[in-house]
Amino acid sequence: MTTRRLFLGGAALAGAATVARSALAALPEPASRTDTNTAAPLAPAQGRPYRPVVTLNGWSLPFRMRHGWKEFHLVAEPVVRELAPGMNAQLWGYNGSSPGPTIEVVEGDKVRIFVTNRLPEHHAVHWHGQRLPNGMDGVGGLTQPHIPPGKTFVYEFEARRPGTFMYHPHADEMVQMAMGMMGFWVTHPREPRRVPGYVECDRDFVFLLNAFDIEPGSATPKVNTMLDFNLWCFNSRVFPGIDPLVVRRGDRVRIRIGNLTMTNHPIHLHGHEFVVAGTDGGWTNPASRWPEVTVDVAVGQMRAVEFVADEPGDWALHCHKSHHTMNAMGHDVPTMIGVDHREVVQRIQKLVPDYMVMGERGMADMGEMEMPLPDNTLPMMSGQGPFGPVEMGGMFTVLKVREGLARNDYRDPGPYAHPAGTVAREWTHAPPEPQRAPGAAGAAPAPLRARKPSGHDGHH
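Remember, predicted model here, so these are calculated numbers, not experimental data.

Here's the deal with unusual backbone geometry
Argument step 1. Along the chain, Ser98 connects to Pro99 via a cis peptide bond; the corresponding omega equals -5°.
Argument step 2. With respect to the helices and strands, Pro99 occurs in the loop between strand E6 (87-94) and strand E7 (103-106).
Argument step 3. With an omega of 15°, the peptide bond running from Phe239 to Pro240 counts as cis.
Argument step 4. With respect to the element layout, Pro240 can be found in the loop between strand E14 (231-234) and strand E15 (245-248).
Argument step 5. Even without being a glycine, Asn95 presents a positive backbone phi close to 55°.
Argument step 6. Within the element layout of this structure, Asn95 appears in the loop between E6 and E7.
Argument step 7. Despite not being glycine, Asn376 has its phi angle at roughly 60°, a positive value.

Structure, rendered in structure tokens:
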């Protein structure tokens, strides 16, 4: 759901003394959105033209042009975010969502961002990777006063270089980022053809990697967790709640990824090779690129990968750390593979009727069991595909490459229709005889061959 709220009284007026005089006439209305679906690209109605990005399970923040300034309004506030159907999290974010909306500007734009604080504590916003005046860098206590609850501050700077960036708090950072406060920033090049290494793409996706530790049955993240997170997300969504990336066959595709978790993530794409075309430092020299199928995105880094989507199908895109493609579960679950405890289960079920065997043949059975879960808790592996359970959760989605889509058609086209004979299938014939090297166990002995005389008898 998208709304627009007039925000000229109350908290905004209370903070008027902290806003530059040039901006006091009226604050821009802050747009708010709680819908978790991927919004269509927001084409600019004012200012310099650019080809907008698509935020996975997110949206771009509208702006207004005023006296040559591009003005945005961010509202820091508590939000409720659906991580996937069946689970809501009580987070902090911006403008109704977590992560907050993507900010899109053009190189050379004069940018003015109003930040209204509706949190129960002070706040400050850091513009990660930007070149700007030191006093606009957003480190509370170091480069600016903190924004008190109920106040509005303004940040003003020029978007000096094109690239892929983020924004996030630099005030009580451990708590505020653990609660989901972050957002994406894209600065489009003013003259794309003159930017070394930059190529226009047909589809340009962005999302952040983030993580939460939410106890089963609860809804608020544990902010003091250091490493043992149990919900690994693309833009605060977990599979099967993450939208697919829908592209036309032959499209040049860019995927921009930012990491604000506590660990690195090797993001792997099936079916295609890509190059790392951009980092948070700028666009990479084409002569320095090489093909990859996995890019490791470290903490605080951003990567932009590019490829031509020339293989039709439904291709997985996921973190290759196996525990990051599962939803919440206990970290201390014992390994029971190979343990036959059926008789024990029968005894336990007399006392606990819902008790189930877990993990004696591996964990795949858990995706099929109708195991009772606490309220507001997701199964560990709950996705369904056209051939059965997709035993994944967390940081997992699908790149859907299709023929003949319209330019801005991002609707889910449904499962891929495989051409006949191109799906792995059961082999119903007799298995072929194994070929063994001579002398190997079970192989026929090698035939004896007469040794050819050397022509020497040992005498000289």
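Now, onward.
Side note on the side chain of Asn259
Argument step 1. Tracing the backbone shows Asn259 in strand E16 (residues 252-259).
Argument step 2. Overall, the relative accessible area of 0% leaves Asn259 in the buried class.
Argument step 3. Within the local environment of Asn259, its side chain forms a polar contact with the side chain of Thr261, the two groups lying 2.8 Å apart.
Argument step 4. Within the structure, Asn259 has its side chain in polar contact with the backbone oxygen of Ala298 (distance 3.2 Å).
Argument step 5. Ignoring anything within four residues of it in the chain, the contact list for Asn259 reads Met166, Leu209, Asn264, His265, Val297, Ala298, Val299, Gly300 and Gln301.

Topic: the pairing of strand E18 (residues 275-279)
Across a regular strand the side chains alternate sides, sitting on one face of the sheet and then on the other.
Argument step 1. In terms of strand pairing, E18 meets strand E21 (residues 302-308) through 4 bridges, oriented antiparallel. For Thr279, the partnering residue across the bridge sits in E21 and is Arg303.
Argument step 2. Of the strand pairs in this sheet, E18 and strand E19 (residues 282-283) are connected by 2 bridges, and their pairing is antiparallel. Looking across to E19, one finds that Gly278 is bridged to Trp283.
Argument step 3. In this antiparallel pair of consecutive strands, E18 and E19, the connection spans 2 residues.

Some thoughts on a nonpolar patch on the surface
Argument step 1. On the surface, Met226, Leu227 and Met262 cluster together into a nonpolar patch covering about 380 Å² of accessible area.
Argument step 2. Secondary-structure assignment places Leu227 in the loop between strand E13 (203-212) and E14.

Describing the sheet that holds strand E22 (residues 313-319)
Argument step 1. Pairing is mixed in the open sheet, where 5 strands are placed in the order E15-E25-E22-E17-E20. Edge positions in the open sheet fall to E15 and strand E20 (294-297), since each of these has one partner strand only. Taken over all neighbouring pairs, the strand axes of this sheet differ in orientation by 20° on average, direction set aside.
Argument step 2. Pairing geometry for E22 and strand E25 (residues 396-402), over 6 bridges, is antiparallel. Counterpart to Gly313 in the pairing with E25 is Val401.

Quick notes on the pattern of salt bridges
Here the idea is simple: oppositely charged side chains can pair when their charged atoms come close.
Argument step 1. Under the defined criterion, the tally for this structure stands at 21 salt bridges.
Argument step 2. As a salt-bridge pair, Arg252 and Glu306 come within 2.9 Å of each other at their nearest N and O atoms. Here the residue Arg252 occupies a position in strand E16, and Glu306 occupies one in strand E21, the gap between them amounting to 54 residues.
Argument step 3. A relative accessible area of 23% means that Arg252 is categorised as partly exposed.
Argument step 4. The salt bridge partner of Asp314 is Arg402, with a shortest N-O separation of 2.7 Å. Residue Asp314 is located in strand E22, and its partner Arg402 is located in strand E25; the two are separated by 88 residues in the primary sequence.

Points about the packing of aromatic side chains
Argument step 1. Applying the stated rule across the entire model yields 12 aromatic pairs.
Argument step 2. Here the aromatic rings of Phe63 and Phe72 are separated by 5.6 Å at their centres, their planes lie at 50°, and the arrangement is tilted. Per residue, the accessibility class of Phe63 equals that of Phe72, and both read buried.
Argument step 3. Relative to Tyr167, the ring of Tyr94 has its centre 5.4 Å away and its plane inclined at 70°; by these criteria the two rings are edge-to-face. Of this pair, Tyr94 sits in strand E6 while Tyr167 sits in strand E11 (residues 163-169), and the two are 73 residues apart along the sequence. A single burial state applies to Tyr94 and to Tyr167, both of which are buried.
Argument step 4. Grouping aromatic residues by their ring pairs yields a cluster made of Tyr94, Trp127, Tyr155, Phe157, Tyr167 and Trp185.
Argument step 5. The cationic tip of Lys70 hangs over the ring face of Phe63; the distance from NZ or CZ to the ring centre is 4.4 Å.
Argument step 6. The ring of Tyr410 has Arg203 lying over it, and the distance from NZ or CZ to the ring centre is 4.6 Å.

What counts as what
Residues numbered from 1 in each chain as written. Predicted model: local features only at pLDDT ≥ 70, side-chain atom pairs only at ≥ 80, totals over all residues. Heavy atoms only, no water. Helix = DSSP H or I, 4+ residues; strand = E, 2+ residues; numbered from the N terminus. Buried < 20%, exposed > 50% of the residue type's maximum accessible area, 1.4 Å probe, protein only. Polar contact = N/O pair within 3.5 Å; in protein donor to acceptor, adjacent residues only side chain to side chain. Contact = heavy atoms within 4.5 Å. Pairing = 2+ DSSP bridges. Patch = residues over 30% accessible without salt bridge, like charges linked within 9 Å, V, L, I, M, F, W, Y side chains within 5 Å. Areas by Shrake-Rupley, 256 points an atom, 1.4 Å probe, with all protein chains shown as cover. Salt bridge = Lys/Arg side-chain N within 4 Å of Asp/Glu carboxyl O. Axes fitted to C-alpha atoms, helices over the stretch in contact; angles between N-to-C directions. Phe/Tyr/Trp six-rings, centres within 6.5 Å; stacked < 30°, edge-to-face > 60°. Lys NZ or Arg CZ within 6 Å of the ring centre and 35° of its normal.

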